[in-house]
Amino acid sequence: MRLSLRTRILLLIAGTVTGLAVLALCTLMVLTRREIDRAVQNDVRTTGGVLTRLFNERSRSLRDQSLLLARQPALMMRLLGRPEETAGGGTSDAAQKPDFATVTDSLQEWLKQMHADSLRLTDEEGHTLGDTEAKVAPVSGQSLDAGVKTALEGESWAGIALQGDRLKLSVTVPVQEPVSKYVRGTFTASSLIDAQAAKELKNALGSDLAFVHQGRVIGASLPLPDTVPTPQEKPQVTTLNGTDYFALYAPLPDTDPKAGVGFVTLRPYNTVMSRYGRLRNVFMGVSVVTLTVALALGAALARSLTRPLDGLVRAAQVMQGGGWPDKFATRRSDEIGLLQTVFDEMTEAMQASREHLLGLIDSDPLTGLHNHRFFQERLTQETSRSLASGEALSLLLIDLDHFHQFNLERGHAAGDEALQQLAILLKNILPEVAIRARYGGEEFATLLPLHTLEQAAALGERIRALVEKNGLSGGQSSLTVSVGCVQFETVSTNAEGLILAGELAVSRAKQLGRNRICCFDNVQNANGADPFQLYQALQSGSLITIQALAAAVDAKDPYTQGHSQRVAEYATELARYLGLPQTELDLVFITGTLHDVGKIGIPDAILKKPGRLEDEEREIMETHPVLGEVIVRKVPQLVATLPGVRHHHERWDGKGYPDRLAGESIPSMARILAVADTYDAMTSDRPYRKGLAVEIALGEILKGAGTQFDPELSPAFVAMMEARAALSKAA
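Rules used in this analysis
Residues numbered from 1 in each chain as written. Predicted model: local features only at pLDDT ≥ 70, side-chain atom pairs only at ≥ 80, totals over all residues. Heavy atoms only, no water. Phe/Tyr/Trp six-rings, centres within 6.5 Å; stacked < 30°, edge-to-face > 60°. 1 Å grid on protein atoms, 1.4 Å probe; cavity = no way out; pocket = protein on both sides within 12 Å on 5 of 7 lines; lining within 4 Å. Points joined across faces, edges and corners; volume = space filled by probe spheres on them. Helix = DSSP H or I, 4+ residues; strand = E, 2+ residues; numbered from the N terminus. Nonpolar A, V, L, I, M, F, W, Y, C, P; charged D, E, K, R; others polar. Pairing = 2+ DSSP bridges. Axes fitted to C-alpha atoms, helices over the stretch in contact; angles between N-to-C directions. Contact = heavy atoms within 4.5 Å. Buried < 20%, exposed > 50% of the residue type's maximum accessible area, 1.4 Å probe, protein only. Arc of directions from axis to C-beta.

Chemist: Help me get a handle on the packing of aromatic side chains, residues and values and all.
Modeler: A full pass over the atoms with the stated rule returns 6 aromatic pairs. Joined through ring pairs, the aromatic side chains of Tyr570, Tyr679 and Phe717 make up one cluster.

Chemist: Which residues make up the layout of surface pockets, and what are the values?
Modeler: Left-over empty space is what a probe sized like a water molecule reveals as it rolls over the atoms. Of the volumes computed, that of the second largest pocket is approximately 340 Å³. Taken together, 16 residues line the second largest pocket, and the ones lying closest to its centre are Arg58, Ser191, Leu192, Ala197 and Glu200. The set of elements that each furnish at least two residues to the lining of the second largest pocket consists of α1 (5-70), β7 (183-192) and α5 (195-205). A class-by-class count of the residues in the lining of the second largest pocket yields 9 nonpolar, 3 polar and 4 charged.

Chemist: Go over the sheet that holds strand β3 (residues 118-123), please, and point to the residues and values.
Modeler: Sheet architecture is open: 5 strands sit in the order β4-β3-β7-β6-β5, paired in antiparallel fashion. The open sheet terminates on both sides in strands that have one partner only, identified here as β4 (128-131) and β5 (157-163). If you compare each strand with its neighbour and ignore which way they point, the axes differ by 25° on average. Strands in contact with helix α3 (residues 100-114) are β3, β4 and β7; relative to β4, the strand with the most contacts, it is inclined by about 50°.

Chemist: Give a description of the pairing of strand β14 (residues 435-438) that names residues and reports values.
Modeler: Alternating positions in β14 separate into two faces, Ile435 and Ala437 on one and Arg436 and Arg438 on the other, with burial throughout. In the sheet, β14 pairs with strand β15 (residues 443-449) via 4 bridges, with the strands oriented antiparallel. Note that in β15 the partner of Ile435 across the bridge is Leu447. The hairpin turn running from β14 into β15, its antiparallel successor, is 4 residues long.

Chemist: Tell me what's going on with the side chain of Ser66, and back it up with residues and numbers.
Modeler: Turning to its location among the elements, Ser66 is positioned in helix α1. Judged by its relative accessible area of 0%, Ser66 is buried. Among residues more than four places away in sequence, those in contact with Ser66 are Met114, Val173, Phe187 and Ala189.

Chemist: Tell me about helix α9 (residues 403-410), and name the residues and values.
Modeler: Within the span of α9, buried status applies to Phe403, Phe406 and Asn407. End-on view of α9: buried residues confined to an arc of 100°, all on one side of the axis. Summarising the geometry of α9, the exposed residues directed more than 90 degrees from the buried face are His404, Leu408 and Glu409. Looking at the residues trailing α9, positive phi occurs at Gly411, about 100°.

Pasting the structure below:
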C-alpha cells in the first residue's frame, strides 16, 4: 500500500521522536547499569578496606596477647615439662614430657582471657603439644604450617589460614628462653572468619556478604546455598534462595588470589533498582507527552507542505496526459512558492522546446537527414506496405570509400563537411518520395518507394558519378562512393533481408575496386536462398541447419550441387589424417560447409554461365569469400569459421584472393580447405569440360605444392586419398 506524503511525514516525525526516546532510554539504562556496577564495586572496595583494618587490628591484638603469654614461666613449664621424682624423694635432671590433655586444658583457660576462638602450642620441633580444637594429639611428623615455620625461626607470623571448611585469622609467635632467646616452641591464637563475622560486617556496612573458598560458602550474613557465583570484574545478577542479587567477588586482604579465598558482596536487585525506577517512569511520561506534541505539530506542518504539493502533482499529471496545466497563483515566498514559480517557468520552456525536440528526435544532428532509428521504423512500414500493395520498393546503400584514411589525412572537421555535402547531394538529386537517412558513420541509406531495381540503380549511378566528378568537402576531396542497390521482394520478403542484401551488394562493390554500383540480383528460382533466411537460420548454429543452407546456396549453380558437403568431408578427413584434435575437426567441417555461403551475393548469370568466365565476371566471382564473411560475421557462435570462409582461395605463393596472403600468413584452416576445394572442383563435371580422373587430379595437387598449396598439405592429401582408395579396394 502506497502511503501519502502527509502520512509519511507524520510517520517520520513519530519514528524520529520514538527513536530518540528509545535511544535516550537505552542510554539511561546503560548509565544506570554503569552506576550500579560502580556502586557495587565501591561496596567491594569499602568491604575490603574494612576487612583489612579489622584483620590488622585483630592480628595486632592477638599478637600482643600471644607474646605476653609466651613470656610467662607457666607456658615455658608446659613446654619443658616438670622434673621426675626419684625413689629417695629427690628429683632427676630428666624432665617429664607434658601430656596433650593437660596442655589443652591450660590453653582452654587462657582462651577465655584472650577472646580468641582457638589456641595451639607446639614444641621446638613443631609437634603439637595442645590444641583447643583437637580432642587428641595429632600424629607426629605432620607438615608444619607457614606460621609455625616462621615462629620456629624466631619471627612472629599473622595471616589467614584455611583448615578444612573453617577460615581463620591466625597469629603465631615463638616461645623463647628469656636469656638465650632459644626457641622452645610456638604459640598460635586464631579467630574464626565465619557467619558471625559476616553479620558484624553487614551491621557496619549495610550490605550482605559471604566468605567463600573456590565458590563454596564458608560463612555468610544470610542463609545461602552451599555455593555462590564469584564474578570478579563486573557485578552479576544472580538468584539465591529465590531473591535476585547483584554479586561481586574479591579476594581477602593479604591472600594469594589464586587460592580462591575471598568474599562476595550481595546487594538485593529490587532495592538497587528501586531508586532508578522512579527516574525511568518520569522519563517515559515525558516521552509520551513529547511524542503527542510532536505529532500535533507534525500534522500541521504536513498540511502546510502537502496541500501545495498536491497541486503540483495534479499539474504534473495533466502534463503526463499530454496537456499543459494552468499557472499557479503563487502567494508564498518560501521554498514551496519558489517551486511553484520554477514549475511554471519549466512548463513554459517545455512548451517552447517540444516542437524543436520532436524535430530533432528523428534527425541526425550533423547531416540533418533522418537517423538510423527513424530509418528502421520507416523500413518496417514501407516493406509492409509494399507486400500489401504489390508496389515496387528499392533500397540504395551508399558508403564513402577510404573515409577513415581521409579523416586521418584531412582531419575530422573535413570529414564532417564531406558527410554534410553528401547529405545535401542526396536531398537535391533524389525524388521527394525518397526516405533518406544516415545509416552509420560514413554510410547512408535511401528507401525508394515506387522504384524498380533499374530506376534505383540509375539514381545510384548518378550519385556516384556526381561525387566522382565534383568531389566533396568543398570540391577539394578525392572521395568516392560505393553503392549497393537492391529491390524488395525479388531478394527477400523481410525488411532485415533487404538490408543484408544491400550490405552484400556494397561489399561486392568495394571488393571490385570501389567507386561503383552493384546490384543484388533477383532470386526467383526455387533453388534460390533469401539472404535473411540464410542469416536467420545460421543463428541456430546446428550442423543440420548449416548443411541445409549450404545445399540451398549450392543449388544456385546446378553444376556444383553437393560441393560444400564434399569439401567439408575432404577437409575434415585431411585434418584427421594430420592428427588434429576433435574440436578442430568439428570446426573444419562446419567451415567447409559454409565456405561458399557468399555465393548468394553473386549474380545468377555468372554462377550459371555454361562457359568460362570473362575477366570482369571472374572478378565478381572472386568477391564471394568476402561476401561470405559479411554474412557469417553476424552470427557470434560462428566467428571461429571466419578465417576459413574469407581465405580459402588464398595461394601459398601470394597470388590468390581476396587479400593475396602468402605462406604461413594464410590461416591453417584456409590452407586445408584450399586443397579440398580445388580437388573437388577438378573432379566435378562442368558444362565446358569433364571432371578429371582421380589420379590426374591428385597429380595436379602434387604439382601445386609450394605454389598454390601448402607444400606439406599436398603430399599429405595425396597419401590420404591413396590410402582411402586402397582401403576401398580391400573392402
